[in-house]
Each structure stands twice: as structure tokens, then as C-alpha cells.
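Structural characterization, general
Listed below are the residues making up each chain.
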Amino acid sequence: MSDWTFKGFHDEFDRHVREQLPWYELATDAAVLIAKHYIPKGGLIYDIGCSTGNMGRNLNGVLLERKARLIALDECADMIRAYQAPGEAITADATAYDYQPFDVAILFLTLMFLPVAERQELMARLREKLRPGGAIIVFDKCVSAAGYEGTVLSRLTWHHKLQSGAPPAEVTEKEMRLIGVQRPVSTAEIAPAVEAFRFADFAGWIISNS
Ligand SMILES: C[S@@+](CC[C@H](N)C(=O)[O-])C[C@H]1O[C@@H](n2cnc3c(N)ncnc32)[C@H](O)[C@@H]1O
């Protein structure tokens, strides 16, 4: 079985993500509402790992109202070609990109795909570039809880994936292809952060400097 990749997957992405993550819309809504709390007039927002533009589309209202600027990054050129949302979309590796001072950075289901060895340095660089009053918003799968509760949370995730109508074989195959490619985020990698969202193994955090 080959490793999971986003290359060549842009056409299927929007359907696939909703099947695999039934709470995707709810989490998107939460991330956008959180972001709104930290976007000033004329602010700069980064969407890191933007895929086809989910965040940008949902931020459109606040971008217009506050005349804020969005820069959307993805290392996958296919995703950037398929990007349909406001802002400037750039093909770039998030771990090597030279960020300008910004007000909000969103990593929505992205950090878990970055190499573990690069995560803390990226988070430190982002914290340095975060303007006062801004926030870094991270939504991701997180390291399983200890003991029996870890099993409970993992089954809760599987239960909802299967209930979404995704063929069970597809759900299982995806999980196997993610081995070593998607590694859940630990709170140590993003600390200090405030948890703002949770669905079983998936969580959302706010990292602010205020
Ligand atoms: C699950 S998708 C993100 C979903 C998206 N944020 C949304 O709102 O639907 C993960 C994305 O991260 C991108 N990605 C993975 N590694 C990256 C890297 N080093 N730099 C930039 N983007 C990366 C992938 O190409 C993929 O499009």
C-alpha cells in the first residue's frame, strides 16, 4: 500500500475530507469564529496548508469587512492550482517560508502532516512573527489519551467516520496509508495553548501572546 499524498488529489479533496472527518464543517466554523476575534482592520492572515481554500472561503466576509489580507500556502502545487478562495495563494513549504509579521496564522489539519523534527522550530518562528493581540490557531489530530480512554476516543472517531457513509474499506485503507505520514500533534509541540475545540482525537487550540 502506497503512502498517503495530497499530490494529484485536489479534485477529490473537498468530498473526501467531509467523508473522513464528519465534523469538518463544525470545526471550520469554530476556527473561523476564533480567527475573527484576532483579525484587526488591515490585518494579515496566513492560512498554512490551505488545500483548495476552505479557510479563505469561510473568512471572506471578515476579510472584506476589515480590509484584511490573506496569504494561503500549500506545498502541493496541484492544491494551489485548484485554490478557489480570496487572497494570494502560494506554493511553498510551510517549514521554510519567510513569514512577515502577521495577526493570525491558521494551521487547520496541517501540523500533523509536517515532519515532527520541524514542528517546534516552525511554531517558535510563528510566535516570533505574531503581532501583539494576534493568535495562531491549530486544529489537528492529537496524541491519544492514556489508558482505556484512548481506546474510547479512537473508537468515537472511527464510529463517526463510518457513520458518514464513507465505505469502510476506504476508511481503513486511508488509515493504513497515513502510517508515518500523518503523526498526531502533542500538546508539548504547541504549548502554551488553550484548547478551544475537541471531537474525540481531534482538537483545536488558540496560541496568543496576550
Ligand atoms: C488536510 S489538508 C489541510 C486542510 C485545509 N486546511 C482545509 O481547511 O481544508 C493538509 C494540507 O497541508 C499541506 N501540506 C503538507 N505539508 C506541507 C508543508 N510542508 N508546507 C505546506 N503545506 C503542506 C498538504 O499539501 C495539504 O493540502
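Here goes a summary of the coordinates provided. (Residues numbered from 1 in each chain as written. Predicted model: local features only at pLDDT ≥ 70, side-chain atom pairs only at ≥ 80, totals over all residues. Heavy atoms only, no water.)

**Quick word on unusual backbone geometry**
Where we set the bar: Strands are runs of DSSP state E lasting at least two residues, helices are runs of H or I lasting at least four, and both sets are numbered from the N terminus onward.
In this structure, the amide linkage connecting Ala191 to the following residue, Pro192, adopts the cis form with an omega of -5°. Note that Pro192 resides in the loop between helix 8 (187–190) and strand 6 (194–199). One non-glycine residue, Lys67, adopts positive backbone phi at about 50°. Locating Lys67 in the fold gives a position in the loop between helix 3 (54–65) and strand 2 (69–74). A positive phi angle is found at Leu109, which is not glycine, with a value near 65°. Note that Leu109 resides in the loop between strand 4 (102–108) and helix 5 (116–129).

**Remarks on the site of the ligand**
What counts, and what does not: Proximity is defined per residue: if any heavy atom of the residue lies within 4 Å of a molecule or strand, that residue is considered near it. Distance and chemistry together define a polar contact, namely a pair of N or O atoms within 3.5 Å, with one atom able to donate a hydrogen and the other to accept it when in protein, and with adjacent residues in sequence counting only for side-chain atoms on both sides. Areas reported here follow the Shrake-Rupley algorithm with a probe of radius 1.4 Å; residue values treat only the protein chains shown as occluding.
Neighbouring residues of the ligand: 18 residues in total, closest Tyr24, Gly49, Ser51, Asp74 and Ala94. The contact in question runs from an oxygen atom of the ligand to an N or O atom on the side chain of Asp74, over 2.6 Å. One of the backbone N or O atoms of Ala94 is found 2.8 Å from a nitrogen atom in the ligand. Calculation on the ligand without its partners gives an accessible area of 600 Å², and the protein chains cover 96% of this total.

**As for the side chain of Arg119**
Under the convention used in this document: A 1.4 Å probe rolled over the protein chains alone gives each residue an accessible area, and that area as a share of the maximum for its type sets the label: buried under 20%, exposed over 50%, partly exposed in between. Should any heavy atoms of two residues lie within 4.5 Å, those residues are considered in contact.
Looking at the secondary structure, you find Arg119 in helix 5. The buried category is assigned to Arg119, whose relative accessible area is 1%. Looking at Arg119, its side chain comes within polar contact range of the main-chain oxygen of Leu114, at 3.0 Å. Among all residues touching Arg119, those that are not within four sequence positions of it are Leu111, Met112, Phe113, Leu114, Arg183, Pro184, Val185 and Glu189.

**Regarding helix 7 (residues 168–177)**
Given 3.6 residues to a turn, an α-helix orients residues that are three or four positions apart in the same direction. The line we're drawing: The reported arc concerns the directions from the helix axis to the C-beta atoms and nothing else.
For helix 7, the complete set of buried residues consists of Val171, Lys174, Glu175 and Arg177. Looking straight down helix 7, one finds its buried side chains confined to an arc of 165°; they lie on one side. What points out from helix 7, more than 90 degrees from its buried face, is the exposed set Pro168 and Ala169. For helix 7, the secondary structure elements touched by its buried residues are helix 1 (10–20), strand 5 (130–141) and helix 6 (147–163).

**Here we look at the packing of helix 1 against helix 7**
Put simply, the test is: Interaxial angles span 0 to 180 degrees and are taken between N-to-C directions of axes, which are lines fitted to C-alpha atoms, for helices over the stretch in contact. Geometric relationships in this document are graded by angle, where less than 35 degrees denotes roughly parallel, more than 145 denotes roughly antiparallel, 65 to 115 denotes roughly perpendicular, and other angles denote oblique. The nonpolar class holds Ala, Val, Leu, Ile, Met, Phe, Trp, Tyr, Cys and Pro. Asp, Glu, Lys and Arg form the charged class, and all remaining residues, Gly among them, are polar.
One can describe the packing of helix 1 onto helix 7 by two numbers: an axis separation of 11 Å at closest approach and a directional angle of 95°. On the basis of the axis angle, helix 1 is roughly perpendicular to helix 7. In this structure, helix 1 uses Arg15, His16, Glu19 and Gln20 to contact helix 7, whose residues at the interface are Glu170, Val171 and Lys174. Residues of the contact of helix 1 with helix 7, tallied by class, amount to one nonpolar, two polar and four charged.

**Describing the packing of helix 2 (residues 24–36) against helix 3**
Worth spelling out the cut-off: A clockwise turn of the near helix away from the far one marks a right-handed crossing, whereas an anticlockwise turn of less than a right angle marks a left-handed crossing.
Close contact between helix 2 and helix 3 brings their axes to 10 Å; oriented N to C, the two are set at 45°. One way to sum up the angle between helix 2 and helix 3 is to call them oblique. In the packing of helix 2 onto helix 3, the handedness of the crossing is right-handed. Of the residues in helix 3, those in contact with Tyr24, Thr28, Ala31, Val32, Ala35 and Lys36 of helix 2 are Asn54, Met55, Asn58, Leu59 and Val62. Along the lines of polarity and charge, the residues of the contact of helix 2 with helix 3 split into seven nonpolar, three polar and one charged.

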